[in-house]
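# Structural overview for review
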Amino acid sequence: MSMKFPIKRLSTLAILLCGIPWMLAAQETSPLSLQDLFVLIKSNHPVAKQINLLSDRAKENLRIARGGFDPKLYGEYDDKFFDDKNYWRTFEGGLKVPTRLPLDIKSGFAWNDGSYLNPKQSLPAHGQLSLGANLSVGQGLMMDARRASLRKAKIFQELAEVEQFRMLNDLLFEAATAYWQWSRDYSRQQVLEDAVEAASGRFDAIRSMYLAGDQAGIDTTEALTQLLSFQLRLQEINIELQTSRLQLSNYLWNDENLPLQLTDDIIPLQLEEVMIPSDLAIDSLERLLDRIEMHPEVQQLNFQQSTLEVERRVKREKLKPVIDLEYSLLSPPNTLSPEGIGDGGLELGHNTKWGVSVGFPLFLRKERGELNLNKIKMQETAWKQEQKRLQTRNKILAYAQEFRILRDQVMISQEAVENYQRLLDGEEMKLQMGESTIFYINTREIKLLETQMKLLDLMFKLLKSEAGLLWASGTPLAN
């Protein structure tokens, strides 16, 4: 299926990469191939550079999500001194360690003194160590906001890779279309320049014969009219070529982020030199259809559905009651005193603190509404997935049908050009033998030129269709 090119590599690419900012210049005519263009776009185009930032953004979002599990140091000090009295001094500090489970581990040290302490805050004189955990056995047991953020960040990282591919492939498809349009217009110019040269030589010859008395005066008018017609058409094509050249220049940038402009010295591969792509076999089409699930737009919807599934699990958890268990081991009273250091420690079942907190909304209207809304979004996304698969399949089939028809038309048109060329050659031989007129020569030449132009249009459409077939199936246009 891949497009085939004559082997003319890479002098133009070197010129482009080392070119003068704002203007692309060369000492001699150099061909710029489509693959050379792709290399330049992937290296220097602003959109291509912007695409690379997507993965960086996804990595930072993943870093942010992982930050929800970072251990945290904490500390709090409170002191009230009033009317020459020490009401209280309290301090508590330690380390909290979130885990990937519905479990947080906490270790700390607390100390306080004062005349008006709350009895609940009573501690040994030298403070107390603690080691405990908080476990959610109700809401948050299977999924919570931290774990959901991490999973969505991983999904977004995969989505970023798909989005990178989609944006780059879209850019390359647009560039390929602009390239083949430039190639078509350049080939038109070459054909018309040859036609103008032939018409000019014929006019000079007929005028000389007229001056010598061997040709009618009306024949010089006929030849001149043909020449002027071709010259006018050539001027029109030159304008179209300049436009398509500028259009392609939109995709050319140097490594200093400055735009480059194609000059007349840089030429495309002429369409006459491009081999006709091979016919699309049934198994090749089946392979393209099998790639539908890999199409970036289909994958984007798949990732969107995965994200909604994560959100659904979080919202389902909110239908459960909040039941948080807390358990801490406490150091014995004299553990931290100068005399007791090393004599005590944390003992399971002795010197403990534990508690449970429970909460549950009575009607769950908010929670049930959010869950039902999530289900609606998932159903909408599922329908979008089916629609996108169908659209992608039909787009591939449409491009495949267009490709096959255009390929047949190109081959027919090539044969027509060859036959019109034979007719023109034969008419010129008859003219030399006095059996034809300049009118018939001009008529044959006009039909030949029209057929050549038609062939170039068909080749442009065929090559664009081949690129479109790869693009529609989500196949990379460039490796």
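Just above sits the structure.
Residues numbered from 1 in each chain as written. Predicted model: local features only at pLDDT ≥ 70, side-chain atom pairs only at ≥ 80, totals over all residues. Heavy atoms only, no water.

The interhelical angle for the contact between helix H6 (residues 282-290) and helix H8 (residues 365-432), taken along N-to-C directions, is 155 degrees, at an axis separation of 10 Å. Put simply, H6 runs roughly antiparallel to H8. Judged by the sense of rotation from one axis to the other, the crossing of H6 with H8 is right-handed. Across the interface between the two elements, Ile282, Leu285, Leu288 and Leu289 from H6 touch Arg393, Ile396, Leu397, Ala400 and Arg404 from H8. (Axes fitted to C-alpha atoms, helices over the stretch in contact; angles between N-to-C directions. Helix = DSSP H or I, 4+ residues; strand = E, 2+ residues; numbered from the N terminus. Parallel < 35°, antiparallel > 145°, perpendicular 65-115°, else oblique. Left-handed = near helix turned anticlockwise from the far one by under 90°. Contact = heavy atoms within 4.5 Å.)

Glancing now at the packing of aromatic side chains. As enumerated under the stated definition, the model contains eight aromatic pairs in all. Here tyrosine 87 and tryptophan 88 contribute two aromatic rings whose centre-to-centre distance is 6.5 Å and whose plane-to-plane angle is 75 degrees, an arrangement assigned as edge-to-face. For tyrosine 87, a relative accessible area of 17% puts it in the buried group. On the basis of relative accessibility, which here comes to 25%, the residue tryptophan 88 falls in the partly exposed class. When the centroid spacing of 5.8 Å and the interplanar angle of 80 degrees are considered together, the rings of tyrosine 179 and tryptophan 182 count as edge-to-face. In this pair, tyrosine 179 and tryptophan 182 are both assigned in helix H4 (residues 145-211), three residues apart and thus about one turn of the helix distant. The structure contains a cluster of three or more aromatic residues connected by ring pairs, namely Phe82, Tyr87, Trp88 and Tyr116. (Phe/Tyr/Trp six-rings, centres within 6.5 Å; stacked < 30°, edge-to-face > 60°. Buried < 20%, exposed > 50% of the residue type's maximum accessible area, 1.4 Å probe, protein only.)

The terminal C-alpha atoms of H8 lie 97 Å apart, and with 68 residues this matches the ideal 100 Å at 1.5 Å per residue to within 8%. Glycine 434, located one to two residues past H8, shows a positive phi value of around 80 degrees. (Expected span 1.5 Å × (residues − 1).)

Viewed as axis vectors pointing N to C, H4 and helix H7 (residues 296-317) meet at an angle of 175 degrees, and their least axial separation amounts to 9 Å. In terms of orientation, H4 and H7 fall into the roughly antiparallel class. Packed against H4, whose contacting residues are Ala148, Arg151, Lys152, Ile155, Phe156, Glu158, Leu159, Val162, Glu163, Phe165 and Arg166, the element H7 presents Pro296, Glu297, Gln299, Gln300, Phe303, Ser306, Thr307, Val310, Glu311, Arg313 and Val314 at the interface.

Another aspect to go through is the pattern of salt bridges. Evaluated as defined, the whole model comprises 25 salt bridges. In this structure, the salt-bridge partner of arginine 245 is aspartate 264, at a minimum N-O distance of 3.1 Å. Here aspartate 264 lies in the loop between helix H5 (217-249) and strand E6 (266-268) and arginine 245 lies in helix H5, a separation of 19 residues in the sequence. You can call arginine 245 buried: its relative accessible area is 6%. Here aspartate 264 falls in the exposed class, since its relative accessible area comes to 56%. The salt bridge involving glutamate 297 is made with lysine 388; its shortest N-O contact spans 2.8 Å. Residue glutamate 297 is located in helix H7, and its partner lysine 388 is located in helix H8; the two are separated by 91 residues in the primary sequence. Among the residues examined, glutamate 297 registers a relative accessible area of 26% and is labelled partly exposed. Within the structure, one salt-bridge network assembled from shared partners comprises Arg184, Asp185, Arg188, Glu240 and Asp457. (Salt bridge = Lys/Arg side-chain N within 4 Å of Asp/Glu carboxyl O.)

The six strands lie next to each other as E2-E3-E4-E5-E7-E8, forming an open sheet whose pairing is antiparallel. Of all the strands in the sheet, the pair left with one neighbour each is strand E2 (72-82) and strand E8 (352-359). On average, each strand axis in the sheet is inclined to that of its neighbour by 15 degrees, with strand direction left out of account. In this sheet, strand E7 (residues 322-330) lies alongside strand E5 (residues 128-136) in antiparallel orientation, the contact comprising seven bridges. Pairing of serine 136 across the sheet is with aspartate 324, part of E7. (Pairing = 2+ DSSP bridges.)

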